[in-house]
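What follows is the residue order along each chain.
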Amino acid sequence: MTIPRLASLCAGLCGVAFPHAADAYTITITPGSRALYLQVGAGGYSGFYISGGTPGNNSTINTVSVTVPAASVGSGAAQAMTSNSSVAQSPIDGFTFCNPPSQVYIGAWSRPGFGGGVATLTVTSPSSLTSGGDTIPFSQISWVMSGNGDVVFQFPNGTFTGGTQTLANFPANTWKEQCMTFSYANTVVPAAGTYNGRATYTLSLP
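All of the points below concern the structure found in this document.

### Describing the pairing of strand E11 (residues 141–146)
For step 1, the next point in the chain: Note that E11 and strand E14 (residues 174–184) share six bridges and pair antiparallel. For Met145, the partnering residue across the bridge sits in E14 and is Met180.
For step 2, the next point in the chain: One ladder, built from two bridges, connects E11 with strand E12 (residues 158–159); its direction is antiparallel. If you follow Trp143 over to E12, its bridge partner there is Gly158.

Take a look at the structure:
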């Protein structure tokens, strides 16, 4: 059983647009029939979980972007990235957990049913962002996890590697969530242009 969710990342260069912290990050959900839910940015929940809300599909692919001023290109001064996602509330209970546009919500739950099993959340990225024939290593983009009121983090901070990376495991009947803040390292000097790439987040249950 695999549910993919896509998030698009792009970097523009040279000025060319290129209080319940204890349950805000992980909860135990009611056991039931075998199912998975994954949300990165915009989601498909109708209502909130604690009040009987139900999961659904949302085909939106949110973008994260930055425009690097010409005078700063390649300076090594990391550039904060912003998203077009407006999701601030947790689908669990409506708690204002993330702070868009600087943060992107990520959350998932696994309900393996009677078969049991541990679900795995991964992210896969290409080796480079591209602009025509020009490239920037995807490893120029990293993220930091946080969340309003969080004291224990369920997903690691990291840097895209141009491959598949494991972010978390989900024991039976658990929901975990965080807020991702992305940044562009700005340690390379590419040609001017708008560079695009896509990271794919996937939740899988054997």
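### A few points about the side chain of Ser85
For step 1, the next point in the chain: Considering the arrangement of structural elements, one finds Ser85 in the loop between strand E6 (82–83) and strand E7 (104–111).
For step 2, the next point in the chain: In this structure, Ser85 is in contact with Gly41, Ala42, Asn62, Pro100 and Pro101, ignoring residues within four places of it in sequence.

### Points about the environment of Leu167
For step 1, the next point in the chain: By the element assignment, Leu167 lies in strand E13 (residues 164–170).
For step 2, the next point in the chain: Those residues in contact with Leu167, other than ones at most four positions away along the chain, are Ile106, Leu121, Thr122, Val123, Trp143, Gln154, Phe155, Pro156 and Tyr201.

### Re the packing of aromatic side chains
For step 1, the next point in the chain: Applying the stated rule across the entire model yields 10 aromatic pairs.
For step 2, the next point in the chain: Aromatic pair Tyr49 and Trp175: ring centres 5.8 Å apart, planes at 75°, arrangement edge-to-face. Of the two residues, Tyr49 sits in the loop between strand E3 (35–40) and strand E4 (63–65) while Trp175 sits in strand E14, which places them 126 residues apart along the sequence.
For step 3, the next point in the chain: On the basis of relative accessibility, which here comes to 23%, the residue Tyr49 falls in the partly exposed class.
For step 4, the next point in the chain: Overall, the relative accessible area of 0% leaves Trp175 in the buried class.
For step 5, the next point in the chain: Both rings, one in Phe138 and one in Phe160, keep their centres 5.1 Å apart while their planes meet at 80°; by these two values the pair is edge-to-face. Of the two residues, Phe138 sits in the loop between strand E10 (134–137) and E11 while Phe160 sits in the loop between E12 and E13, which places them 22 residues apart along the sequence. Neither Phe138 nor Phe160 differs from the other in exposure class; each is buried.
For step 6, the next point in the chain: Among the aromatic residues, those joined into a cluster by ring pairs are Tyr37, Tyr45, Tyr49, Trp109 and Trp175.
For step 7, the next point in the chain: We note Lys176 situated over the ring of Phe170; from NZ or CZ to the ring centre the distance is 5.3 Å.

### Re the state of the cysteines
For step 1, the next point in the chain: For the structure on display, the rule yields one disulfide.
For step 2, the next point in the chain: Note on cysteine connectivity: Cys98 is disulfide-linked to Cys179, with sulfurs 2.0 Å apart. Handedness here is read from the sign of the S-S torsion; for Cys98 and Cys179, about -90°, the answer is left-handed. A residue pair is termed long-range when its members are at least 10 positions apart, and Cys98 in the loop between E6 and E7 and Cys179 in strand E14 qualify at 81 residues.
For step 3, the next point in the chain: Residue classification places Cys98 among the buried residues on the basis of a relative accessible area of 1%.
For step 4, the next point in the chain: Here Cys179 falls in the buried class, since its relative accessible area comes to 0%.

Procedures and definitions
Residues numbered from 1 in each chain as written. Predicted model: local features only at pLDDT ≥ 70, side-chain atom pairs only at ≥ 80, totals over all residues. Heavy atoms only, no water. Pairing = 2+ DSSP bridges. Helix = DSSP H or I, 4+ residues; strand = E, 2+ residues; numbered from the N terminus. Contact = heavy atoms within 4.5 Å. Phe/Tyr/Trp six-rings, centres within 6.5 Å; stacked < 30°, edge-to-face > 60°. Buried < 20%, exposed > 50% of the residue type's maximum accessible area, 1.4 Å probe, protein only. Lys NZ or Arg CZ within 6 Å of the ring centre and 35° of its normal. Disulfide = S-S within 2.5 Å.

This is a description of form; function is not addressed.
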